[in-house]
Each structure stands twice: as structure tokens, then as C-alpha cells.
Amino acid sequence: MIVFYSFLFAFIVGGIICVIGQLLMDVGKLTPGHTLVILVVSGAILDGLGLYEPLIDFAGAGATVPITSFGNSLTHGALAEAEKHGWVGVLTGMFEVTSSGISAAIVFGFIAALIFKPKGKAN
Amino acid sequence: MDPQEYQQIEQQNTPPTPYLKNCLKAFLVGGIICAIGQAITFLYMIFFDFTDKTAGNATVATMVFIAMILTGLGLYRKLGAFAGAGSAVPVTGFGNAVVSAAIEGKTEGWVLGVGGNMFKLAGSVILFGVGSAFFIALIKLILVSMGVVEW
Amino acid sequence: MILFPSKPSIVACSAVAGPVESKSVFYSYFDSVSEDERWGQKTNEQGHSKMIQEACDIVMKKADLKNLDVDFFLSGDLVNQMTPTNFAARELAISFIGLFSACATSVSSVIIASLLTEVGASRFAIAGAASQHNAIERQFRYPLDYGAQKPATAQWTVTAAGYALIGKHDPKLPSVVAATVGKVVDYGEVSPFHMGGAMAPAAYDTITSHLKKRHQKITDYDLIMTGDLGKIGLKILKAMFAQTDATQEELEVFRDAGAEYYGEDEAFQSGASGAGCSASVYFSYIEQQMKTGRYKRVLLVATGALLSPMSFQQGETIPCTAHAIEITME
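Please read these numbers as outputs of a predicted model, since none were measured by experiment.

### Topic: the pattern of salt bridges
Oppositely charged side chains can form a pair if their charged atoms are brought close together. Summed over all chains, the structure comprises 17 salt bridges over all chains. Across the pair C:Glu260 and C:Arg255 runs a salt bridge whose closest N-O atoms are separated by 2.8 Å.

This is the structure:
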């Protein structure tokens, strides 16, 4: 039952974050780029206020998979190191937690460029 | 015909944005992607030596890998056309932005094309993520040293 | 408005298209449809160039001409600095002027070719335009495989080239009798996904100006065909004419190449666009319909949005133009 609820909460919270993104694009008339930037910054701010970790505890992947978690983990790393090492920690800690998303994107982007070729198909 | 009058005619003849339908599609697809992420997290916790804290990173990397395959096969483009923010907001959308730009740049060579264009779309997410994390950490550090808040 | 008393004729036409265009309702009128969107070349831009060359070769072959017999090559495309056209011109070795009127180049090139023929400077001139989907999309919008949601007003850039060989008057052929060079019109549209809405006022301006100076009515034409307004843009154009008391019969005269290009296939949303859209319809379907006598007098109004990816990012509105040629068949 716990497993079922964790899926349900991941689905609902993840879905809601995506709906916020959709509203920014449709109602706010923003480009996908602007939308994602706003969400990342929101994630960072929420972590600064100490609100994002409780959301992860509640929703699991529903909070870690959306791009907001990228802002959260950058801030989280910076804050953790800042606590230990002060000023220098702000810089050194930043990528402590988040490296996986970016390094995966770089490596897989490179591999994809080796294998694939862009194609223009309508459907 | 003056611009105001024209804008009225244009609006009357342009189909309205289907806000509700778009949000519903974004909710469903975004929710399903996150639920898949949850399943991957469980798999890492059950079959490998991950805790619920450390499985997050492995999950993100796996999701980006799936995004690469779907992008290369031209399926993520179709998903994006259907789901909008539902497929753009999850980390797979970040992967799609990097991978599609990398594939596209191939004809301009590995250094200038692939290397130079890879973060054409995703670069701003990294910049603003890092920038906001820096300032938030800085503000908190100042507040802590002033004794306003605690770590 | 320009009059051509010597009535330069469209001696021959060619249209070449890519694989997606096999879904076009005009498919059967095209001379050649490639199964490879890159025409066997390494890059999309090289394929774009190859497509232009192929279309020019076909039009010369139809008229039984060699490159040396052609005096001018007038053409353009949408890629930065028009390299596909420039590189095709390098292979063709014909005196060449590159023209940029965005998607209105199909008609602006014919206007220049007709003028050169009119003054006796040209025996034969090749005029037209082309676009290749992949090369244009990556420049103007996103990488091809990026998953972005496009609104219902978005249009699909065609992979196609259309060329006309303009020569001296021949009573058995469709001939250019008049033309209107459009002004640049900007009614403040900012969305690069609503080209039809941006371009409709330019088409309206050019059509009304042409009719007024020629002392004609809409119904003097069998057909007034705009370039790539798309389904929604055509609706807007008709609404503009309805506002100025055009009757239902008059509105029936209007058609749009982009709106009809892919039929009712919803994957293409509002329809087709791109420099090759109007060119490949005008210089295949329309020419053939005129030769069979279905149409005696048509007004071809190619529409172009004069934006760049940078001007959009800098928050500029989208200025548009439309050029018109009046073609008759005796």
C-alpha cells in the first residue's frame, strides 16, 4: 500500500509541477526556455526556504524528476558546504549533489550525436 | 484598416489556446514520467545498493538515458508536440534539449557543432540554476553570520 | 504596379520536392520527389542546394536549353546569406542575382525576370525559390528532435523548389501581364508561430493596391492565390475582405497554396509555409491548370515574413510583404 501511495503522490505532484509549466507557456506566453528557467529558480528558492526537501520526502520522484529539483539540489549542495566551510563552500558545494543530470546529459548527448541523425518528419 | 481593427479580426479568426486540454495532457504525461521515475528509484533501491537519498541521482541519469533513445528515434519530438510542458519540465526534457541540439550540430563538426551547440537550449537552465543557488546560499550565509537564522 | 506590354511568357516550369511532400495534394503535379530529404548529400544545406540544381536542370531540359542559353538565374531561399542558392548558382554558371523576399521570393524573382525580358536584356531567365524543412527549422526555431508544442496556428516549412523559365511572349503559353511590388506591412504580430496572422495584412495591401490601379474587381480573376498564409491566415484574409463588403462569390476566388498543400492532415496544423511552398505550387499546378485552359486570368500573391531568429529574440514585431503577378492565358 505504501508503494502504491508513493506512485500516486509522485504522479500527482509531478503532474502539478508540469501543469504550472504549461500555464506559464500558455497563459504567460513564455517560451519553453523562459518557463524552465523560472521553474529552476523556483526550485532553488524553495530549497533556500527549506521547503523542497519535505516535498521530496512526500512525493519522491514527483519532486526529484521535474527540473525544479535541479535548482533544489544545486542550492542544497551550496548550503551544505557553506555550513561546513563558509564562503568558499558556496562555490565548491554547488555541483556536489547535481552532477548526475548534467554529466548524463553531456555523455548521452555525445553518444546520441555518434549514433543518430536529425530527421524532419511530420508524424 | 488600422492595427486595432485588424487585431480584432485576427483574434476572431484564430482558434483559442485549449488551456484546459493542454493542462490535462501536461498533467497526465508529466505525472506518468514522474511515476516511471519512482519505479526506477525503487528498482535501484531493491536490486542495487542505493538508499532513497542516493537513488535520486541514478534515477535522473537513467531518465536522461531514456530521453536520449527517444530523442534519437524521433519519438520525444512527438511526445513534446502532444504533452507540452508535460515532457519539457521533467529532467527528460532537459536531456531532450541537450541531445537534440547535439545531434543537430553534428554536420558542423564535433568541436564547433556538437560541442558548441549542445547547451544552446539547456545552457540557460544551468546558468540560472547555478546563479540562483549561489545567491541563495550567499544570502543564507549572511543571515546565519548575522544570527538571524540558523543552518 | 508594373505593366508588361510585351507579355513575357512562362516557357517551362519545374517543381521538385522532398519525401514528406509525397503527402501533398499537389504531389502528382511535381516533376520529381526525392526519397532522401538530403538528396544524398552529407548536410541538409547541401541537400537544399542539390534540390535547387535538380529543379533548374529539369526546367532547362523541358525547354531543351543548355546553361549557356539562359541569361539570368534569379532565386532565393531562407537560409542565412542564402548559401544553398548561391552554391547552386556556382554549379549552374548562369549570371545570378540572389533575391531575398522570404517566402515571397517565388514572385519577386518572376517580376525581375519579366522586367529583364521586357527591356530585351534576357532571352531566357530562370526565376523561383526553394526551402528545405530541416535547414530552415534548425535556423528559425528549434533542433528538429526537440520536443516543443506548437500552437494550431503553426505551419510546416516545406521541402520543395519551384522554378519558372521566363522568355519572350508566346500566345500558347501563360504570360505575365502585370505585377505589383508589395510594401512592407507590420501590424504588430510578434509570434513566429502565427505567420498567417502576420502576413495576411501584407497580402491584403498588395491585392487591393493591384486591383485599384488595374481598375479591376476581384471577380475579374478566375483565381487569386496567396502563397503561404495557411488555413488560419487565409481565413483572416477573407475576413478582411468581408469587412470591406466583399460578397461570398468574390471570397470564393481566394485560395492559398499553404492552406491546401497538405490537405486536411492535422499533423501539419495550419498548413505549409516556406519559400518553396508557393513556388512549387505556382510553377507546377497553376501553370498546368492555365495551360489546360481551366484558368484564364490569375493573380499570384506570394507572401513573406521578414523576420530573423535574432529579431524575434530582440522582441521585434514581424514585418511582412507580398508581391503579386497577374498571369493570363489567351
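Still to come is the rest of the account.
### Examining the side chain of C:Arg255
Residue and element names in this part refer to chain C. One can find Arg 255 in strand S11 (residues 254-256). For Arg 255, a relative accessible area of 17% translates into the label buried. If near-sequence neighbours (up to four positions away) are discounted, Arg 255 is found in contact with Leu 223, Ile 224, Met 225, Thr 226, Leu 234, Glu 260, Tyr 285, Arg 294 and Tyr 295.

### Description of helix H3 (residues 105-118) of chain C
Residue and element names in this part refer to chain C. With 14 residues, H3 should reach 20 Å at 1.5 Å per residue; the first-to-last C-alpha distance of 19 Å fits that figure. With 11 of 14 residues buried, H3 is to be regarded as a mostly interior element. Regarding H3, the residues found buried are Thr 105, Ser 106, Val 107, Ser 108, Ser 109, Val 110, Ile 111, Ala 113, Ser 114, Leu 116 and Thr 117. Positive phi appears at Gly 120, one or two residues downstream of H3, with a value of about 80 degrees.

### Examining the UniProt feature "transmembrane region" (unreviewed entry) in chain B
The UniProt feature table records "transmembrane region" (unreviewed entry) at residues 26-48, 54-75, 82-103 and 123-149 of chain B. Secondary structure over residues 26-48 of chain B splits into 96% helix and 0% strand, and the C-alpha atoms at its two ends are 32 Å apart.

### Describing the pairing of strand S9 (residues 175-180) of chain C
All names here are of chain C. Of all six residues in S9, six are buried, a share of seventy percent or more. Sheet analysis places strand S1 (residues 2-3) next to S9, joined by two bridges and oriented antiparallel. Looking at the pairing, Ile 2 lines up with Ala 179 of S9. Strand direction decides the pairing type here: S9 and strand S14 (residues 320-328), joined by five bridges, are antiparallel. Residue pairing in the sheet places Thr 180 in a bridge with Ala 324 of S14.

### Considerations on the pairing of strand S8 (residues 160-167) of chain C
Residues and elements named next belong to chain C. Within S8, eight of the eight residues are buried, leaving the element largely enclosed by the surrounding structure. The sheet contact formed by strand S2 (residues 9-17) and S8 spans eight bridges and is antiparallel. Of the residues in S8, the one forming a bridge with Cys 13 is Ala 164. Note that strand S6 (residues 125-131) and S8 share seven bridges and pair antiparallel. Counted as the bridge partner of Ala 127 is Ala 164 from S8.

### Remarks on the interface of chain A and chain C
Facing the 10 residues of chain A at the interface are 16 residues of chain C. Note on chain A versus chain C: buried area summed over both sides is about 1100 Å², and carbon and sulfur give 50% of it. In this assembly, chain A and chain C are joined by zero salt bridges. Tallied by class, residues from the side of chain A that touches chain C come to three nonpolar, four polar and three charged.

### Side note on a nonpolar patch on the surface
A grouping of A:Met1, A:Phe4, A:Tyr5, A:Leu8, A:Ile12, A:Ile16 and A:Ile20 is seen on the molecular surface, where their side chains present a nonpolar patch of about 660 Å² in accessible area. Relative to the elements of secondary structure, A:Met1 occurs in the segment before helix H1 (2-26).

### Observations concerning the domain arrangement of chain B
Residues and elements named next belong to chain B. What the domain assignment reports for chain B is domain 1 (18-120) and domain 2 (121-151). A C-alpha centroid distance of 26 Å is found between domain 1 and domain 2. Counting residues at the interface gives five residues for domain 1, matched by five residues for domain 2. Approximately 470 Å² of surface area, both sides summed, lies buried where domain 1 meets domain 2, with 77% of it carried by carbon and sulfur atoms. Three residues stand out in domain 1 for area buried against domain 2, namely Phe 94, Phe 119 and Lys 120, and they jointly supply 72% of the buried area on that side. Put simply, domain 1 and domain 2 have two residue pairs in polar contact (both at pLDDT 80 or more) between them.

Reading guide: rules and limits
- Position numbers for residues start from 1 in each chain and track the written sequence from start to end.
- All chains are assigned letters beginning with A, and all ligands numbers beginning with 1, in the order in which they are written.
- Only residues with pLDDT of at least 70 get local features here, since the model is predicted, and only at 80 or more are side-chain atom pairs given and counted; chain-wide, interface and lining totals rely on the full set of residues.
- With hydrogens and water stripped out, all remaining heavy atoms of the structure feed into the side-chain values.
- The salt bridge definition used is simple: a Lys or Arg side-chain nitrogen within 4 Å of an Asp or Glu carboxyl oxygen.
- For helices the rule is a DSSP run of H or I covering at least 4 residues; for strands it is a run of E covering at least 2, with both sets numbered from the N terminus onward.
- For every residue, the accessible area (1.4 Å probe, protein chains only) is compared with the maximum for its type, and the residue is labelled buried under 20%, exposed over 50%, or partly exposed between those bounds.
- Contacts are residue-level and defined by heavy atoms, with any inter-residue pair within 4.5 Å sufficient.
- Multiply 1.5 Å by the residue count of a helix minus one, and that product is the helix's expected span.
- UniProt positions are given in the numbering used here, feature names are shortened, and annotations may be inferred rather than shown by experiment.
- Paired strands are those between which DSSP finds at least two bridges.
- A 1.4 Å probe defines the accessible area here, and the buried area is the portion of it lost by two parts on being joined, summed over both.
- Under the scheme applied here, ten amino acids are nonpolar (Ala, Val, Leu, Ile, Met, Phe, Trp, Tyr, Cys and Pro), four are charged (Asp, Glu, Lys and Arg), and all others, including Gly, are polar.
- Distance thresholds for patches are 9 Å for like charges and 5 Å for nonpolar side chains (Val, Leu, Ile, Met, Phe, Trp, Tyr), applied to residues having over 30% relative accessible area and no salt bridge.
- Surface accessibility follows the Shrake-Rupley procedure with a 1.4 Å probe radius. Residue values consider only the protein chains on display as shielding.
- Domain extents, as shown, originate in an automatic or database domain assignment.
- We define a polar contact as two N or O atoms separated by no more than 3.5 Å, with the added condition that, inside protein, one atom must be a possible hydrogen donor and the other a possible acceptor, whereas residues neighbouring each other in sequence contribute only through side-chain atom pairs.

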